[in-house]
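For reference, the chains in residue letters:
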Amino acid sequence: FLIPSSDPSLRHYSSCSGCARREIGSGRMTTGGRAVLLLPLLVVSALFAQIRASDPLFHESFDEGFEGSWVVSGKEEYSGVWKHEKSDGHEDYGLLVSEPARKYAIVKELDSPVTLKDGTVVLQFEVRLQNGLECGGAYLKYIRPQEAGWDAKEFDNDTPYTIMFGPDKCGSTNKVHFILKHKNPKTGKYVEHHLKSPPSVPYDKLSHVYTAILKPDNEVRILVDGEEKSKANFLSADDFEPALIPSKTIPDPDDKKPEDWDERAKIPDPAAVKPDDWDEDAPTEILDEEATKPEGWLDDEPEEVDDPEAAKPEDWDDEEDGEWEAPKIDNPKCEEAPGCGEWKRPMKQNPAYKGKWHAPMIDNPNYKGIWKPQEIPNPEYFELDKPDFDPIAAIGIEIWTMQDGILFDNILIADDEKVATAILEKTWKPKFDVEKEKQKAEEAAAADSEDLSEFQKKIFSVLYKIADIPFLEPYKIKIIDIIEKGEKQPNINYNFDFGLCHCRHCDCTLQSPVWWQEASGTCEARC
(Lines give C-alpha, C1' and ligand atoms only; values in the text may rest on other atoms or scores of the structure.)
Protein backbone atom coordinates (compact mmCIF):
# COMPACT_ATOMS: atom_id res chain seq x y z
CA PHE A 1 0.00 0.00 0.00
CA LEU A 2 1.57 3.23 -1.18
CA ILE A 3 0.31 6.81 -1.06
CA PRO A 4 0.45 8.66 -4.43
CA SER A 5 2.97 11.50 -4.47
CA SER A 6 4.20 14.16 -6.82
CA ASP A 7 7.72 14.09 -5.33
CA PRO A 8 10.16 13.32 -8.20
CA SER A 9 12.44 11.47 -5.83
CA LEU A 10 9.70 8.91 -5.33
CA ARG A 11 8.84 8.36 -9.02
CA HIS A 12 10.68 5.03 -9.19
CA TYR A 13 11.34 2.27 -6.68
CA SER A 14 12.84 -1.17 -7.29
CA SER A 15 12.89 -3.92 -4.68
CA CYS A 16 16.21 -5.37 -3.61
CA SER A 17 15.43 -8.54 -5.60
CA GLY A 18 14.50 -6.59 -8.69
CA CYS A 19 11.19 -8.42 -8.90
CA ALA A 20 8.91 -5.42 -8.74
CA ARG A 21 8.85 -1.91 -10.03
CA ARG A 22 6.53 0.82 -9.00
CA GLU A 23 5.74 3.97 -10.84
CA ILE A 24 4.45 6.47 -8.38
CA GLY A 25 2.71 9.44 -9.75
CA SER A 26 -0.64 10.38 -11.08
CA GLY A 27 -2.04 7.88 -8.62
CA ARG A 28 -0.79 4.84 -10.64
CA MET A 29 1.17 1.82 -9.34
CA THR A 30 2.35 -1.10 -11.51
CA THR A 31 4.04 -4.30 -10.28
CA GLY A 32 4.26 -6.44 -13.34
CA GLY A 33 0.79 -7.89 -12.68
CA ARG A 34 1.19 -8.60 -8.98
CA ALA A 35 0.30 -6.28 -6.11
CA VAL A 36 2.92 -6.05 -3.40
CA LEU A 37 1.53 -5.01 -0.04
CA LEU A 38 4.47 -3.58 1.88
CA LEU A 39 2.68 -2.05 4.82
CA PRO A 40 1.37 -5.32 6.35
CA LEU A 41 4.88 -6.78 6.13
CA LEU A 42 6.37 -3.69 7.76
CA VAL A 43 3.72 -3.73 10.47
CA VAL A 44 4.34 -7.42 11.23
CA SER A 45 8.11 -6.87 11.29
CA ALA A 46 7.75 -3.91 13.63
CA LEU A 47 5.41 -5.90 15.85
CA PHE A 48 7.90 -8.73 16.19
CA ALA A 49 10.66 -6.22 16.93
CA GLN A 50 8.49 -4.59 19.59
CA ILE A 51 7.67 -7.95 21.19
CA ARG A 52 11.36 -8.84 21.24
CA ALA A 53 12.25 -5.47 22.77
CA SER A 54 9.68 -5.96 25.52
CA ASP A 55 11.26 -9.21 26.72
CA PRO A 56 13.77 -9.08 29.60
CA LEU A 57 17.10 -10.77 29.04
CA PHE A 58 16.51 -12.72 32.26
CA HIS A 59 13.62 -12.81 34.72
CA GLU A 60 13.26 -15.11 37.72
CA SER A 61 9.86 -14.81 39.41
CA PHE A 62 10.21 -17.96 41.57
CA ASP A 63 6.61 -18.84 40.75
CA GLU A 64 7.63 -22.43 40.02
CA GLY A 65 10.25 -22.91 42.72
CA PHE A 66 14.02 -22.93 42.36
CA GLU A 67 15.07 -26.59 42.57
CA GLY A 68 16.65 -27.77 39.35
CA SER A 69 17.19 -24.23 38.13
CA TRP A 70 19.26 -22.70 40.92
CA VAL A 71 22.20 -24.59 42.42
CA VAL A 72 22.83 -24.48 46.17
CA SER A 73 26.52 -24.30 47.10
CA GLY A 74 27.93 -27.59 48.27
CA LYS A 75 30.51 -25.89 50.49
CA GLU A 76 30.21 -26.97 54.14
CA GLU A 77 30.24 -23.42 55.52
CA TYR A 78 26.97 -22.58 53.76
CA SER A 79 24.60 -24.36 56.10
CA GLY A 80 21.63 -21.99 55.66
CA VAL A 81 18.54 -23.60 54.14
CA TRP A 82 16.84 -21.92 51.18
CA LYS A 83 13.06 -22.32 50.90
CA HIS A 84 10.41 -21.57 48.31
CA GLU A 85 7.88 -19.61 50.38
CA LYS A 86 5.11 -17.05 50.02
CA SER A 87 5.72 -13.46 51.01
CA ASP A 88 3.91 -12.73 54.27
CA GLY A 89 0.37 -11.62 53.47
CA HIS A 90 0.61 -12.41 49.74
CA GLU A 91 0.13 -15.33 47.37
CA ASP A 92 3.39 -14.44 45.63
CA TYR A 93 6.35 -16.79 46.09
CA GLY A 94 10.02 -15.95 46.53
CA LEU A 95 13.37 -17.38 47.58
CA LEU A 96 13.52 -17.35 51.39
CA VAL A 97 16.40 -17.20 53.87
CA SER A 98 14.84 -19.52 56.46
CA GLU A 99 17.29 -19.55 59.39
CA PRO A 100 19.13 -16.84 61.36
CA ALA A 101 22.89 -16.73 61.98
CA ARG A 102 23.82 -18.75 58.90
CA LYS A 103 25.79 -18.41 55.70
CA TYR A 104 23.88 -18.87 52.46
CA ALA A 105 25.01 -19.40 48.86
CA ILE A 106 23.01 -20.21 45.73
CA VAL A 107 23.67 -19.54 42.04
CA LYS A 108 21.82 -19.55 38.72
CA GLU A 109 23.82 -19.95 35.50
CA LEU A 110 22.39 -17.99 32.55
CA ASP A 111 21.65 -19.67 29.23
CA SER A 112 24.05 -17.22 27.57
CA PRO A 113 26.25 -14.47 29.01
CA VAL A 114 24.88 -10.90 29.10
CA THR A 115 27.27 -8.29 27.76
CA LEU A 116 27.49 -4.94 29.55
CA LYS A 117 29.47 -3.12 26.88
CA ASP A 118 26.74 -2.28 24.38
CA GLY A 119 23.69 -0.19 25.15
CA THR A 120 21.69 0.10 28.35
CA VAL A 121 21.59 -2.73 30.91
CA VAL A 122 19.18 -2.79 33.84
CA LEU A 123 19.80 -4.94 36.94
CA GLN A 124 16.77 -5.21 39.21
CA PHE A 125 15.41 -7.38 42.03
CA GLU A 126 13.03 -7.33 44.98
CA VAL A 127 13.92 -7.97 48.61
CA ARG A 128 11.65 -8.04 51.62
CA LEU A 129 13.26 -8.02 55.07
CA GLN A 130 10.31 -9.62 56.84
CA ASN A 131 12.07 -9.71 60.22
CA GLY A 132 14.17 -6.60 59.67
CA LEU A 133 17.91 -6.54 59.09
CA GLU A 134 20.15 -5.86 62.09
CA CYS A 135 23.30 -7.45 60.71
CA GLY A 136 23.60 -9.11 57.34
CA GLY A 137 23.51 -8.74 53.58
CA ALA A 138 20.72 -9.05 51.02
CA TYR A 139 22.67 -8.33 47.84
CA LEU A 140 23.24 -10.14 44.55
CA LYS A 141 26.48 -11.00 42.82
CA TYR A 142 26.55 -10.92 39.03
CA ILE A 143 29.12 -13.58 38.23
CA ARG A 144 31.56 -13.27 35.35
CA PRO A 145 32.40 -16.30 33.13
CA GLN A 146 34.40 -18.88 35.07
CA GLU A 147 37.24 -21.12 34.00
CA ALA A 148 36.44 -24.27 32.05
CA GLY A 149 35.22 -27.09 34.26
CA TRP A 150 33.82 -24.81 36.98
CA ASP A 151 31.09 -26.47 39.02
CA ALA A 152 28.25 -24.30 40.33
CA LYS A 153 28.33 -26.28 43.58
CA GLU A 154 31.74 -24.68 44.21
CA PHE A 155 30.16 -21.21 44.36
CA ASP A 156 31.43 -19.27 47.40
CA ASN A 157 32.73 -15.90 48.57
CA ASP A 158 35.83 -16.21 46.37
CA THR A 159 33.90 -16.80 43.13
CA PRO A 160 34.84 -13.85 40.85
CA TYR A 161 32.02 -11.47 39.99
CA THR A 162 31.53 -8.44 37.77
CA ILE A 163 29.05 -6.46 39.90
CA MET A 164 27.79 -6.78 43.47
CA PHE A 165 24.57 -4.89 44.11
CA GLY A 166 22.06 -4.67 46.94
CA PRO A 167 21.40 -3.95 50.63
CA ASP A 168 23.97 -4.52 53.39
CA LYS A 169 23.55 -3.48 57.01
CA CYS A 170 25.58 -4.17 60.16
CA GLY A 171 26.87 -1.81 62.82
CA SER A 172 27.87 1.46 61.15
CA THR A 173 27.36 -0.05 57.67
CA ASN A 174 23.98 0.81 56.14
CA LYS A 175 24.14 1.03 52.37
CA VAL A 176 22.90 -0.31 49.07
CA HIS A 177 26.17 -1.62 47.68
CA PHE A 178 27.23 -1.10 44.10
CA ILE A 179 30.67 -2.61 43.56
CA LEU A 180 32.33 -3.09 40.18
CA LYS A 181 35.25 -5.46 39.69
CA HIS A 182 37.29 -4.14 36.77
CA LYS A 183 40.41 -5.60 35.19
CA ASN A 184 43.44 -3.32 34.94
CA PRO A 185 44.72 -3.82 31.37
CA LYS A 186 48.27 -3.00 32.45
CA THR A 187 48.57 -5.43 35.35
CA GLY A 188 45.85 -7.93 34.54
CA LYS A 189 44.59 -7.65 38.14
CA TYR A 190 40.95 -7.14 39.10
CA VAL A 191 40.21 -4.21 41.40
CA GLU A 192 37.02 -3.59 43.44
CA HIS A 193 35.57 -0.13 42.82
CA HIS A 194 32.92 0.98 45.36
CA LEU A 195 30.26 3.59 44.71
CA LYS A 196 31.17 6.46 47.04
CA SER A 197 27.64 7.70 47.76
CA PRO A 198 25.33 4.69 47.90
CA PRO A 199 21.77 5.09 49.19
CA SER A 200 20.82 3.73 52.61
CA VAL A 201 18.71 0.62 53.20
CA PRO A 202 15.01 1.23 54.00
CA TYR A 203 14.51 0.49 57.70
CA ASP A 204 11.06 -1.13 57.49
CA LYS A 205 9.87 -4.70 56.78
CA LEU A 206 8.14 -3.94 53.48
CA SER A 207 8.96 -5.21 50.00
CA HIS A 208 11.45 -2.99 48.17
CA VAL A 209 12.85 -3.12 44.67
CA TYR A 210 16.45 -2.20 43.86
CA THR A 211 17.46 -1.09 40.37
CA ALA A 212 20.85 -0.30 38.82
CA ILE A 213 20.77 1.22 35.33
CA LEU A 214 24.05 1.11 33.39
CA LYS A 215 24.06 3.54 30.45
CA PRO A 216 26.33 3.55 27.38
CA ASP A 217 27.54 7.07 28.29
CA ASN A 218 29.27 5.60 31.42
CA GLU A 219 26.48 6.71 33.74
CA VAL A 220 25.05 4.45 36.44
CA ARG A 221 21.84 5.25 38.31
CA ILE A 222 20.69 3.55 41.51
CA LEU A 223 16.95 3.45 42.17
CA VAL A 224 15.01 2.26 45.20
CA ASP A 225 11.33 1.55 44.59
CA GLY A 226 11.62 3.21 41.19
CA GLU A 227 12.99 6.49 42.58
CA GLU A 228 16.52 7.62 41.76
CA LYS A 229 18.66 7.75 44.91
CA SER A 230 22.16 8.01 43.46
CA LYS A 231 23.80 8.79 40.12
CA ALA A 232 27.45 8.42 39.19
CA ASN A 233 29.89 8.19 36.30
CA PHE A 234 32.09 5.12 36.08
CA LEU A 235 35.11 7.15 34.96
CA SER A 236 34.79 9.90 37.59
CA ALA A 237 37.29 9.78 40.45
CA ASP A 238 34.69 11.61 42.57
CA ASP A 239 32.16 8.78 42.25
CA PHE A 240 34.12 5.56 42.83
CA GLU A 241 36.73 4.49 45.36
CA PRO A 242 39.31 3.72 44.18
CA ALA A 243 38.90 5.52 40.87
CA LEU A 244 38.44 3.26 37.87
CA ILE A 245 41.29 5.03 36.06
CA PRO A 246 44.40 5.18 38.26
CA SER A 247 46.25 8.48 38.76
CA LYS A 248 48.94 9.31 36.22
CA THR A 249 51.61 9.67 38.89
CA ILE A 250 52.32 8.09 42.27
CA PRO A 251 54.73 8.93 45.12
CA ASP A 252 58.14 7.39 44.49
CA PRO A 253 58.38 4.46 46.96
CA ASP A 254 62.19 4.66 46.84
CA ASP A 255 62.40 8.38 47.62
CA LYS A 256 63.65 9.09 51.19
CA LYS A 257 63.43 12.23 53.30
CA PRO A 258 66.85 13.94 53.73
CA GLU A 259 68.22 13.80 57.28
CA ASP A 260 68.54 17.60 57.49
CA TRP A 261 64.95 18.24 56.33
CA ASP A 262 63.26 20.41 58.99
CA GLU A 263 59.44 20.15 59.07
CA ARG A 264 58.98 22.37 62.18
CA ALA A 265 57.13 25.57 61.24
CA LYS A 266 57.75 27.10 64.71
CA ILE A 267 60.63 26.69 67.17
CA PRO A 268 61.37 27.99 70.70
CA ASP A 269 63.12 31.38 70.59
CA PRO A 270 66.76 30.51 71.41
CA ALA A 271 67.41 34.13 72.52
CA ALA A 272 64.58 34.21 75.08
CA VAL A 273 65.50 34.24 78.82
CA LYS A 274 63.26 33.39 81.78
CA PRO A 275 62.41 36.57 83.81
CA ASP A 276 64.00 36.83 87.24
CA ASP A 277 60.64 37.09 89.01
CA TRP A 278 59.26 33.95 87.38
CA ASP A 279 58.65 31.46 90.23
CA GLU A 280 58.09 27.97 88.78
CA ASP A 281 57.61 26.49 92.28
CA ALA A 282 54.68 28.69 93.29
CA PRO A 283 51.60 26.54 94.15
CA THR A 284 48.41 26.82 92.11
CA GLU A 285 46.30 27.44 95.27
CA ILE A 286 46.95 29.14 98.62
CA LEU A 287 44.99 29.63 101.85
CA ASP A 288 42.49 32.45 101.72
CA GLU A 289 43.79 34.64 104.57
CA GLU A 290 40.82 37.00 104.28
CA ALA A 291 38.21 34.29 104.90
CA THR A 292 36.37 34.24 108.26
CA LYS A 293 34.45 31.53 110.01
CA PRO A 294 30.68 31.85 109.31
CA GLU A 295 28.54 32.91 112.22
CA GLY A 296 26.71 29.99 113.83
CA TRP A 297 29.36 27.40 112.88
CA LEU A 298 29.06 24.44 115.31
CA ASP A 299 32.66 23.59 116.13
CA ASP A 300 31.78 20.93 118.70
CA GLU A 301 29.23 19.06 116.60
CA PRO A 302 30.37 16.13 114.40
CA GLU A 303 29.10 15.93 110.79
CA GLU A 304 27.72 12.41 111.41
CA VAL A 305 26.16 10.80 114.48
CA ASP A 306 24.91 7.33 115.42
CA ASP A 307 21.43 6.50 114.17
CA PRO A 308 19.33 6.74 117.34
CA GLU A 309 16.66 4.45 115.83
CA ALA A 310 19.09 1.65 115.00
CA ALA A 311 19.06 -1.38 117.27
CA LYS A 312 21.50 -4.20 117.68
CA PRO A 313 20.14 -7.35 115.94
CA GLU A 314 19.03 -10.07 118.33
CA ASP A 315 21.22 -12.68 116.65
CA TRP A 316 24.35 -10.48 116.82
CA ASP A 317 27.24 -12.34 118.48
CA ASP A 318 29.98 -9.98 119.71
CA GLU A 319 32.53 -12.78 119.82
CA GLU A 320 31.89 -13.86 116.24
CA ASP A 321 30.67 -10.65 114.65
CA GLY A 322 32.73 -8.15 116.67
CA GLU A 323 31.53 -5.18 118.62
CA TRP A 324 28.29 -3.84 117.18
CA GLU A 325 28.28 -0.24 116.05
CA ALA A 326 25.21 1.73 115.13
CA PRO A 327 25.13 2.99 111.51
CA LYS A 328 25.92 6.66 110.98
CA ILE A 329 23.49 9.31 109.75
CA ASP A 330 23.91 13.01 108.94
CA ASN A 331 23.89 15.12 112.06
CA PRO A 332 20.43 16.82 112.07
CA LYS A 333 21.90 19.83 113.95
CA CYS A 334 24.19 20.54 110.99
CA GLU A 335 21.30 20.85 108.55
CA GLU A 336 20.30 24.26 109.90
CA ALA A 337 23.85 25.49 110.72
CA PRO A 338 26.38 26.73 108.12
CA GLY A 339 28.66 23.83 109.09
CA CYS A 340 29.93 21.47 111.79
CA GLY A 341 33.27 20.33 113.12
CA GLU A 342 36.61 22.07 112.95
CA TRP A 343 36.47 25.12 110.68
CA LYS A 344 39.35 25.38 108.19
CA ARG A 345 40.34 28.31 106.06
CA PRO A 346 39.39 27.62 102.37
CA MET A 347 41.87 27.64 99.47
CA LYS A 348 41.92 30.20 96.68
CA GLN A 349 43.71 30.61 93.34
CA ASN A 350 47.31 31.79 93.77
CA PRO A 351 47.72 35.11 91.90
CA ALA A 352 51.49 34.59 91.78
CA TYR A 353 51.23 31.21 90.06
CA LYS A 354 52.77 31.18 86.57
CA GLY A 355 53.69 27.53 86.07
CA LYS A 356 56.71 26.23 84.22
CA TRP A 357 58.41 28.79 81.99
CA HIS A 358 58.72 28.09 78.26
CA ALA A 359 60.50 30.15 75.65
CA PRO A 360 58.06 31.78 73.19
CA MET A 361 57.73 30.23 69.71
CA ILE A 362 59.09 31.98 66.62
CA ASP A 363 59.13 31.16 62.89
CA ASN A 364 61.70 28.50 62.06
CA PRO A 365 64.26 30.00 59.64
CA ASN A 366 65.16 26.45 58.47
CA TYR A 367 61.55 25.37 57.84
CA LYS A 368 61.19 23.55 54.50
CA GLY A 369 57.59 22.38 54.74
CA ILE A 370 56.15 18.90 55.13
CA TRP A 371 58.28 16.49 53.14
CA LYS A 372 56.66 14.42 50.42
CA PRO A 373 58.29 11.94 48.09
CA GLN A 374 58.59 13.03 44.49
CA GLU A 375 55.98 11.92 41.99
CA ILE A 376 56.84 9.36 39.31
CA PRO A 377 54.78 7.94 36.41
CA ASN A 378 52.29 5.33 37.63
CA PRO A 379 53.14 1.99 35.97
CA GLU A 380 49.49 0.90 36.45
CA TYR A 381 48.00 3.96 34.74
CA PHE A 382 45.82 3.45 31.68
CA GLU A 383 43.37 5.49 29.66
CA LEU A 384 39.83 4.37 29.00
CA ASP A 385 36.80 5.69 27.16
CA LYS A 386 34.43 3.07 28.55
CA PRO A 387 34.69 0.46 31.32
CA ASP A 388 35.78 -2.93 30.06
CA PHE A 389 32.98 -4.87 31.75
CA ASP A 390 33.16 -8.62 31.96
CA PRO A 391 29.92 -10.31 30.85
CA ILE A 392 27.41 -11.67 33.35
CA ALA A 393 27.36 -15.46 33.11
CA ALA A 394 25.47 -16.24 36.33
CA ILE A 395 23.61 -14.62 39.20
CA GLY A 396 24.51 -15.61 42.76
CA ILE A 397 23.41 -14.83 46.29
CA GLU A 398 26.22 -15.32 48.80
CA ILE A 399 25.47 -13.76 52.18
CA TRP A 400 26.00 -14.11 55.92
CA THR A 401 23.11 -12.85 58.03
CA MET A 402 21.88 -12.83 61.62
CA GLN A 403 18.26 -12.49 60.45
CA ASP A 404 15.93 -14.95 58.78
CA GLY A 405 12.87 -14.00 56.73
CA ILE A 406 14.82 -12.34 53.88
CA LEU A 407 12.79 -12.96 50.71
CA PHE A 408 14.24 -12.46 47.20
CA ASP A 409 11.94 -12.14 44.21
CA ASN A 410 11.69 -10.98 40.58
CA ILE A 411 15.39 -10.97 39.73
CA LEU A 412 15.69 -9.21 36.37
CA ILE A 413 18.21 -8.28 33.70
CA ALA A 414 16.90 -6.12 30.83
CA ASP A 415 18.24 -3.93 28.07
CA ASP A 416 15.34 -1.47 28.28
CA GLU A 417 14.37 0.70 31.26
CA LYS A 418 10.71 0.53 30.25
CA VAL A 419 10.75 -3.25 30.56
CA ALA A 420 12.10 -3.06 34.09
CA THR A 421 9.58 -0.38 35.04
CA ALA A 422 6.68 -2.39 33.61
CA ILE A 423 7.66 -5.48 35.62
CA LEU A 424 8.12 -3.33 38.73
CA GLU A 425 4.63 -1.90 38.35
CA LYS A 426 3.11 -5.33 37.73
CA THR A 427 4.88 -7.41 40.38
CA TRP A 428 6.14 -5.15 43.17
CA LYS A 429 3.78 -2.14 43.31
CA PRO A 430 0.57 -4.03 44.24
CA LYS A 431 2.34 -5.87 47.08
CA PHE A 432 3.96 -2.71 48.39
CA ASP A 433 0.66 -0.82 48.41
CA VAL A 434 -1.01 -3.56 50.48
CA GLU A 435 1.91 -3.69 52.92
CA LYS A 436 1.97 0.11 53.24
CA GLU A 437 -1.73 0.26 54.12
CA LYS A 438 -1.25 -2.48 56.73
CA GLN A 439 1.69 -0.56 58.21
CA LYS A 440 -0.41 2.61 58.47
CA ALA A 441 -3.14 0.71 60.27
CA GLU A 442 -0.64 -0.74 62.75
CA GLU A 443 0.88 2.69 63.38
CA ALA A 444 -2.59 4.12 64.02
CA ALA A 445 -3.31 1.33 66.50
CA ALA A 446 0.00 2.00 68.23
CA ALA A 447 -0.88 5.69 68.50
CA ASP A 448 -4.10 4.74 70.31
CA SER A 449 -2.07 3.03 73.04
CA GLU A 450 0.43 5.90 73.36
CA ASP A 451 -0.84 6.81 76.84
CA LEU A 452 -0.12 3.28 78.06
CA SER A 453 3.34 3.43 76.50
CA GLU A 454 4.11 6.68 78.33
CA PHE A 455 2.94 5.09 81.57
CA GLN A 456 5.21 2.11 80.93
CA LYS A 457 8.15 4.46 80.33
CA LYS A 458 7.57 6.09 83.73
CA ILE A 459 7.45 2.68 85.41
CA PHE A 460 10.73 1.61 83.83
CA SER A 461 12.32 4.95 84.80
CA VAL A 462 11.45 4.22 88.44
CA LEU A 463 12.79 0.67 88.15
CA TYR A 464 16.15 1.96 86.89
CA LYS A 465 16.35 4.26 89.94
CA ILE A 466 15.63 1.30 92.19
CA ALA A 467 18.52 -0.56 90.56
CA ASP A 468 20.83 2.26 91.73
CA ILE A 469 20.04 1.69 95.44
CA PRO A 470 23.44 0.99 97.12
CA PHE A 471 22.53 -2.23 98.92
CA LEU A 472 21.38 -3.72 95.56
CA GLU A 473 24.77 -3.04 93.94
CA PRO A 474 25.79 -6.77 93.87
CA TYR A 475 22.65 -7.51 91.83
CA LYS A 476 22.55 -4.35 89.69
CA ILE A 477 23.63 -6.01 86.42
CA LYS A 478 21.00 -8.75 86.72
CA ILE A 479 18.30 -6.24 87.68
CA ILE A 480 19.05 -4.01 84.70
CA ASP A 481 19.05 -7.05 82.41
CA ILE A 482 15.55 -7.97 83.61
CA ILE A 483 14.34 -4.37 83.19
CA GLU A 484 15.70 -4.22 79.63
CA LYS A 485 13.93 -7.48 78.77
CA GLY A 486 10.77 -6.03 80.23
CA GLU A 487 11.07 -2.96 77.99
CA LYS A 488 11.31 -5.22 74.95
CA GLN A 489 8.41 -7.43 76.16
CA PRO A 490 5.90 -4.94 77.63
CA ASN A 491 2.91 -7.23 77.11
CA ILE A 492 3.76 -9.58 80.00
CA ASN A 493 1.89 -9.28 83.32
CA TYR A 494 3.02 -10.98 86.52
CA ASN A 495 0.44 -12.12 89.09
CA PHE A 496 2.17 -11.81 92.46
CA ASP A 497 -0.72 -13.52 94.28
CA PHE A 498 -0.42 -16.75 92.33
CA GLY A 499 3.11 -16.57 90.90
CA LEU A 500 1.85 -16.80 87.31
CA CYS A 501 2.96 -15.02 84.14
CA HIS A 502 0.27 -13.86 81.74
CA CYS A 503 0.79 -12.82 78.10
CA ARG A 504 -1.68 -10.33 76.65
CA HIS A 505 -0.79 -11.38 73.09
CA CYS A 506 -2.20 -14.89 73.21
CA ASP A 507 -3.87 -15.01 76.65
CA CYS A 508 -1.59 -17.79 77.86
CA THR A 509 -0.71 -18.27 81.55
CA LEU A 510 2.31 -20.24 82.78
CA GLN A 511 4.13 -20.70 86.09
CA SER A 512 7.38 -19.30 84.72
CA PRO A 513 8.53 -16.16 82.90
CA VAL A 514 6.93 -15.83 79.45
CA TRP A 515 8.39 -14.06 76.43
CA TRP A 516 6.40 -13.31 73.30
CA GLN A 517 8.10 -14.63 70.14
CA GLU A 518 7.39 -12.25 67.25
CA ALA A 519 8.72 -14.62 64.59
CA SER A 520 6.64 -17.67 65.56
CA GLY A 521 3.68 -15.79 67.06
CA THR A 522 3.67 -17.90 70.20
CA CYS A 523 4.62 -17.65 73.88
CA GLU A 524 7.74 -19.38 75.10
CA ALA A 525 8.42 -20.21 78.74
CA ARG A 526 11.89 -19.35 80.01
CA CYS A 527 13.24 -19.84 83.54
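Structure shown above.
Residues numbered from 1 in each chain as written. Predicted model: local features only at pLDDT ≥ 70, side-chain atom pairs only at ≥ 80, totals over all residues. Heavy atoms only, no water.

### Notes on the state of the cysteines
Rules: For the purposes of this analysis, a disulfide is any pair of cysteine sulfur atoms at a distance within 2.5 Å. A run of H or I in DSSP counts as a helix once it spans at least four residues, and a run of E counts as a strand once it spans at least two, with each numbered from the N terminus.
The full count for this structure, using the stated rule, is two disulfides. Between the sulfur of C135 and that of C170 lies a disulfide, 1.8 Å long from S to S. Every disulfide takes its handedness from the sign of the S-S torsion; for C135 and C170 that torsion is -75°, giving left-handed. One end of the pair, C135, is in strand β9 (residues 135-137); the other, C170, is in strand β11 (residues 161-170), with 35 residues separating them in the sequence. The disulfide partner of C334 is C340, and the gap between their sulfur atoms is 1.8 Å. Because the sign of the S-S torsion sets the handedness, a value of about -120° for the bond joining C334 and C340 places this disulfide among the left-handed ones.

### Some thoughts on the environment of K205
Defined as follows: We call two residues contacting when some pair of their heavy atoms lies within 4.5 Å.
Structurally, K205 can be placed in the loop between β13 (190-195) and β14 (207-214). Sequence separation between K205 and R128 is 77 residues; the distance between their C-alpha atoms is 6.4 Å. When sequence neighbours within four positions are dropped, the list of residues in contact with K205 reads R128, L129, Q130, N131 and G132.

### A look at the packing of aromatic side chains
Quick note on the threshold: Pairing of aromatic rings covers Phe, Tyr and Trp, the last counted by its six-membered ring, and requires centre-to-centre distances within 6.5 Å; plane angles under 30 degrees mean stacked, over 60 mean edge-to-face, and any other angle means tilted. Only protein chains enter the calculation, and the probe is 1.4 Å; a residue is then buried if its accessible area is under 20% of its type maximum, exposed if over 50%, and partly exposed in between.
Here the structure, examined in full by the defined rule, presents 11 aromatic pairs. Each ring, one from W82 and one from F408, has its centre 6.3 Å from the other, and the planes form 55°; the classification is tilted. Highlighted residues: W82 in strand β5 (residues 82-86) and F408 in strand β27 (residues 406-414), separated in sequence by 326 residues. Here W82 matches F408 in class, with each residue buried.

### Focus: the pairing of strand β10 (residues 140-143)
For clarity, the cut-off: One requirement defines pairing of two strands: DSSP has to find at least two bridges between them.
Side chains L140 and Y142 of β10 all project onto a buried face; the interleaved residues K141 and I143 project onto the opposite face, where all are buried too. Pairing of β10 with strand β26 (residues 392-401), which is carried by three bridges, proceeds in the antiparallel orientation. Note on β26: the bridge partner recorded for K141 is G396.

### Focus on the pairing of β14
Strand residues, when the strand is regular, have side chains that alternate between the two faces of the sheet. Counting buried residues in β14 gives eight out of eight residues, a clear majority hidden from the surface. Every second residue of β14 is oriented toward a common face, with S207, V209, T211 and I213 on one face and H208, Y210, A212 and L214 on the other, all of them buried. Here eight bridges tie strand β8 (residues 121-129) to β14, and the two strands are oriented antiparallel to one another. Pairing of V127 across the sheet is with H208, part of β14. Both β14 and strand β15 (residues 219-224) contribute to a ladder of five bridges, which runs antiparallel. Bridge assignment links Y210 to a residue of β15, and that residue is V224. Between β14 and β15, which pair antiparallel one after the other, the connecting turn spans four residues, and N218 there sits at a positive phi close to 75°.

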